[in-house]
Amino acid sequence: MLIRDAVPADAEAIAGIYNDAVLNTTAIWNDVVVDARNREVWLELRQGSGYPVLVAEADDCAVVAYATFGDFRAFDGYRYTVEHSVYVRSDVRGGGIGEALMLELIERARGIGKHVLVAAIESSNAHSIRLHEKLGFVPGGTLTDVGTKFGRWLDLTFMQLTLD
């Protein structure tokens, strides 16, 4: 598997992975699917801000996952803190792709002088919480009933990794 920086041609695959998460998981708390053009604009904005968007490419060159980080909050005092996202295509989850992307994101965040990497995880996502613990993230707190999807209230668990 190859991990590389995303290019505009990856937008359709990224949109497919994103839309599956929207429609079938509580990993993304949005209800609206997007098209490839939406992801092209998103990619341009993210990379234009100096932040990476990475993709994992399978042996057949298909994009099977993507990962990124961006500003945690839009205030100057948070400039050394970023929040990340990792999404893996449903048919290849559990094979270590998410971990490989996370390790690369951690190095990229360190490389641009960030101090803390934040994860915001739907609290029942035990697999994601375990992965973050394995990579050295520690609990930062839980907000209860702050989101809703599929007709139920969702809790949000924050985890963080100090990078330096």
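Treat the numbers as computed from the prediction; the structure is a model and nothing was measured.

Quick notes on the rules
Residues numbered from 1 in each chain as written. Predicted model: local features only at pLDDT ≥ 70, side-chain atom pairs only at ≥ 80, totals over all residues. Heavy atoms only, no water. Phe/Tyr/Trp six-rings, centres within 6.5 Å; stacked < 30°, edge-to-face > 60°. Helix = DSSP H or I, 4+ residues; strand = E, 2+ residues; numbered from the N terminus. Buried < 20%, exposed > 50% of the residue type's maximum accessible area, 1.4 Å probe, protein only. Lys NZ or Arg CZ within 6 Å of the ring centre and 35° of its normal. Pairing = 2+ DSSP bridges. Right-handed = clockwise from strand over helix to strand, strands pointing away.

A.B. asks: Please explain the packing of aromatic side chains as it appears in this structure.
C.D. replies: How two aromatic rings sit relative to each other is set out by the distance from centre to centre and by the angle between their planes. Summed over the entire model, instances satisfying the criterion amount to five aromatic pairs. Arranged with centres 5.5 Å apart and planes meeting at 65°, the rings of Tyr 51 and Phe 69 form a pair that is edge-to-face. Remark: Phe 69 occurs in strand 3 (residues 63–71) and Tyr 51 occurs in the loop between helix 2 (36–48) and strand 2 (53–57); sequence separation between them is 18 residues. Since its relative accessible area comes to 10%, Tyr 51 is described here as buried. The class of Phe 69 is buried, set by a relative accessible area of 0%. Taking the centre distance of 5.7 Å and the plane angle of 65° together, the rings of Phe 72 and Tyr 78 count as edge-to-face. By relative accessible area, Phe 72 is classed as partly exposed at 24%. On the basis of relative accessibility, which here comes to 29%, the residue Tyr 78 falls in the partly exposed class. Here the aromatic cluster, defined as three or more aromatic residues joined through ring pairs, consists of Trp 42, Tyr 66 and Tyr 87. Sitting over the face of the ring of Tyr 18, Arg 39 holds its NZ or CZ atom 4.5 Å from the ring centroid.

A.B. asks: Mind showing me how you'd approach the pairing of strand 4 (residues 81–88) here?
C.D. replies: Moving residue by residue along a regular strand, the side chains alternate between the two faces of the sheet. By the bridge criterion, seven bridges tie strand 3 to strand 4 in an arrangement that is antiparallel. Looking at the pairing, Ala 67 lines up with Val 86 of strand 4. In this structure, strand 4 lies alongside strand 5 (residues 116–122), joined through three bridges in parallel fashion. If you follow Val 82 over to strand 5, its bridge partner there is Leu 117. A crossover links strand 4 with its parallel partner strand 5, the connecting element being helix 3 (residues 97–111), and its sense is right-handed.

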